[in-house]
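# Examination of the molecular architecture
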Amino acid sequence: MPKVARILGISLAALLVLAVAVAGFIAATFNPNDYKPQVIALVKQKKQRTLDIPGEIKLSFFPKIGADLGRVSISEHGGSAVFASVEKVKVSLALLPLLRKQLIVDHVEVRGLDANIRRERDGTTNFDDLLSKDASSSDQQVRFDIDSIAIENARIALDDRMAQRKVEITALQLQTGRIANAVPGKASLAAHVKANNPTLDAAVKLKTGFSFDLEQKRYAVNKLDAELKGRALDITDLVLKLAGDADLQPQAGRIDLADLKLNASGKQGGQPLEINLDLPKLAVGDSKVSASKITGLAKLAPGGRTISIAFAIPGLDGTRQAFKLPALTLDATLKDATTDARARLEGSLVGDLDKMRFTSPKLNLTLSGKQGATAIDGTLASALSADLASGNIDLSGIAANMNLPNPGGGSMKLALAGKAGADLNKQSAQLNLQGKLDESTIDAKIGLAKFSPAAYTFDIAIDKLDADRYRARPPVAAAPAGKPQPAEAEKPIDLSALRTLQASGSLKVGSLKAENLRLSNVRLDLRAAGGKLDINPLSASLYGGTLAGSASVNAAAQPRFALRQALAGVNVGPLLKDAIGKEPVEGRGNVNLDITTEGALVSQLKKSLAGTARLELRDGAVKGFNIAEVIRNAKSRLGNAAGGAQAQAGTGSASQQTDFSELSGSFKIARGIAHNDDLRAKSPLLRVDGAGDIDIGADKLDYLVKATVVATLQGQGGPELQALKGLTIPVRLSGPFTAIGYKVDVSGIATDLVKKQLDSRKDEIKGKVEEQLKGQFKGLFGR
């Protein structure tokens, strides 16, 4: 036996000496650089790519066979653009396993990797050809038993055109220990990651132990310590930490998690955010499912509020086909300067992991708290059924009864019933509700046609609604005693929500009060997309007439608005009284508007108005001045000598008005100024023509009214108007809407009146002259 051992030892030593001698001979006589042209040509022939190895290839042979390639690059398939390059790559293979026809990668060192990966819209990638197997290649027995991998300063860019996403990994550093099948190893990684859709800009670090078994399809990490710092989505100053152990067998459906902890903190909208999750143990096996208590906590503070959400699952137990969560609780609190509210969700859950089906006979949500002096209380209950394999989730038997704070003050009572459902595969959801909001009866169908970006649909019918009751009113600050209240600066119109809104649907309201306007039979169809909102048709009955037309809003950097409306048979006095608190015009008739404007402030909108308008009214009045009274006063100042009369001026008042039986006119509007040159008005006393400008942006007018006194009924209009019958009196109206001034050219009236009197006595004077001439001629010739 010792002799055999001695022979074996000598033989082994001889083999080692022979291997060293062969390696030395190859190193002395073999130059791999002589074969670079053939390798480059082979890559070009087989893969239609250009391989470039500008430097000298260096070999080592013992105890490991290795190659130091220096700088290497390879082009895109069928092109000259660089697909990937490295400043230095070094690979070594274990020598002795080669004698057993095993190719064992021992060490890999990569420095300065720069790769550009692309996935097209059809799912193909720019490296598919590199993964394809050459039919002529022979199966080589390769076993990975890597002593270590070192990657320094790598950059990897991914252009995923299929998902419309770009990812760039820079400053990548990777260090590993041994990597071998079913052998424990260790790894550490550091990199900076930038991405869009969703937005990510963060530094990543992790250290972990790991193992894998390719035959058993088993993968595990232990003592994972990962950290991400930076920005994700709309969260800044993000610090996310993940720690724990995981043992996964995806094909067998086995999961073992232990001591899993997730901690995240950051700022959302400048306000602090914190999330914690603690999962001590979760085991999903072939026949058994179990977990210890799972807890979580989230805290955020949007808009000065503090929101806290905590959940707890005491544990679960059962089989894959039938497991149960006996008690699930979720507690949420909301606090701010005026609100202290709490919500608790309670229920149980049973499920089948193999079929991915879960049900809950009843989930209960309870609300409590107060906002100011208003109590908050209510309940929401529903059954849950979820089939995650098909992507269907259903909430049936929804019943809500709540007393909630009203934004307009006080409280509002909500009682609704219905159902909801979602199809995760189709990315759609639907909510159907019927019930009451205070005195309003509601039938609403609300849906999501797409989850991301969200695309809403709706079909809502309400019998009656007082929207003003739910409109928040800004507080009015009292002015200090003896000091006038300064004018409040205009606030820009906020259309930010419209820029990302995608929605379409219809709304029907039997009776509506909004902005103090009273309407009935309201119908509108709405579509919002790409920062634009279109309402067409927009129809209603109001103030004895009807409204029909459309409206649109464009939430561009300079917001734009358009309105096209036809009001027929409307009583405009009460309409204006409810809309603006004043009745500058009374009467019933038709009003047509086709206007556009733009601006971020109300004052800008008024000054940018453009378009056309026309009105046709009957049996009404224009408030603020009385033309007939102005004319009477002018006549009374004429006196006996018309030439001595002066111009008359004055200011109208809210109690004065000019009555009309008919009023019509059209307006061309540009830069907030409405120009009119065809005003026509009739009354029993006057016929009025008008032309001029109404400056909507400056709330003033400059208008010339020409009033002609007509024959009147006996005693109507007074002797002053009877004396001016047939005359046209110009009246200049000007000034702010709140105090319209007028000016009458009294001297002109006097001149016209004298001319009228002379014209009316012309025949009488002519007759008297003729009679006197006849008498004189008779005395001369008659005897």
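Residues numbered from 1 in each chain as written. Predicted model: local features only at pLDDT ≥ 70, side-chain atom pairs only at ≥ 80, totals over all residues. Heavy atoms only, no water.

To continue, consider helix α2 (residues 36-47). Over its 12 residues, α2 extends 16 Å from the first C-alpha to the last, a length consistent with the 16 Å expected when each residue adds 1.5 Å. Looking one or two residues beyond α2, the residue adopting positive phi is Q48, at roughly 55°. (Helix = DSSP H or I, 4+ residues; strand = E, 2+ residues; numbered from the N terminus. Expected span 1.5 Å × (residues − 1).)

Tallying each qualifying case throughout the model produces 37 salt bridges. Where D468 meets K513, a salt bridge forms, and the shortest distance between an N and an O atom there is 3.0 Å. Placement of D468 in the loop between β29 (455-466) and α5 (496-499) and of K513 in strand β30 (residues 503-514) is noted, with a sequence separation of 45 residues between them. With respect to burial, D468 and K513 carry one shared label: buried. A salt bridge links R523 to D525; the shortest N-O distance between them is 3.0 Å. (Salt bridge = Lys/Arg side-chain N within 4 Å of Asp/Glu carboxyl O. Buried < 20%, exposed > 50% of the residue type's maximum accessible area, 1.4 Å probe, protein only.)

Two descriptors summarise a pair of aromatic rings, namely the distance from one centre to the other and the angle between the planes of the rings. A full pass over the atoms with the stated rule returns 0 aromatic pairs. Cation over ring: R49 sits above F83, and NZ or CZ is 5.0 Å from the ring centre. (Phe/Tyr/Trp six-rings, centres within 6.5 Å; stacked < 30°, edge-to-face > 60°. Lys NZ or Arg CZ within 6 Å of the ring centre and 35° of its normal.)

Moving on to the environment of P272. By secondary structure assignment, the location of P272 is in strand β16 (residues 271-284). Separated by 30 residues in the primary sequence, P272 and P302 place their C-alpha atoms 8.2 Å from one another.

Structurally, the position occupied by L384 is in strand β24 (residues 374-387). Distance in space between the C-alpha atoms of L384 and L349 is 8.8 Å, their sequence separation being 35 residues. The residues contacting L384, other than those within four sequence positions of it, are L349, F358, T359, S360, L363, I393, D394 and L395. (Contact = heavy atoms within 4.5 Å.)

Secondary-structure assignment places N676 in strand β39 (residues 673-682). Given the relative accessible area of 0%, N676 is considered buried. Those residues within four positions of N676 in sequence are excluded, and the remaining contacts are G665, S666, F667, G690, A691, G692 and Y703.

With that settled, the discussion passes to the confidence of the model for the protein chain. In this model, the protein chain carries a mean pLDDT of 82, and residues with pLDDT of at least 70 account for 80%. With pLDDT under 50 throughout, residues 640-645 is counted as low confidence; its partners more than four residues away or in other chains account for 7 contacts. A low-confidence stretch, residues 776-783 stays under pLDDT 50, and its non-local contacts, those more than four residues away or across chains, total 0 contacts. (pLDDT = per-residue confidence, 0-100.)

Pairing analysis gives 7 bridges linking strand β19 (residues 306-313) to strand β21 (residues 323-335), with the strands arranged antiparallel. Bridge assignment links A312 to a residue of β21, and that residue is T329. Where strand β20 (residues 316-318) and β21 come together, 2 bridges link them in antiparallel fashion. By the bridge assignment, G318 is partnered in β21 with F323. A loop of 4 residues connects β20 with β21, the two strands running antiparallel in sequence. The pairing of β21 with strand β22 (residues 339-352) spans 11 bridges and is classified as antiparallel. Counterpart to L334 in the pairing with β22 is A341. Hairpin geometry of β21 and β22 is characterised by an intervening segment of 3 residues between the two adjacent antiparallel strands. (Pairing = 2+ DSSP bridges.)

This part takes up the nonpolar core. If you look at soluble globular proteins, the nonpolar side chains tend to sit buried side by side. Among the nonpolar cores identified, the biggest contains 60 residues, and L526, L542, V570 and L733 are the most heavily contacted of them. Those residues within four positions of L542 in sequence are excluded, and the remaining contacts are R518, L519, L547, V570 and L575. With 25 residues, the next largest nonpolar core counts A84, V108, A115 and A191 among its residues. (Core = buried A, V, L, I, M, F, W, Y, C linked by side-chain atoms within 4.5 Å.)

Mapped onto the fold, Q249 is located in strand β14 (residues 235-249). Among all residues touching Q249, those that are not within four sequence positions of it are Q216, K217, R218 and R254.

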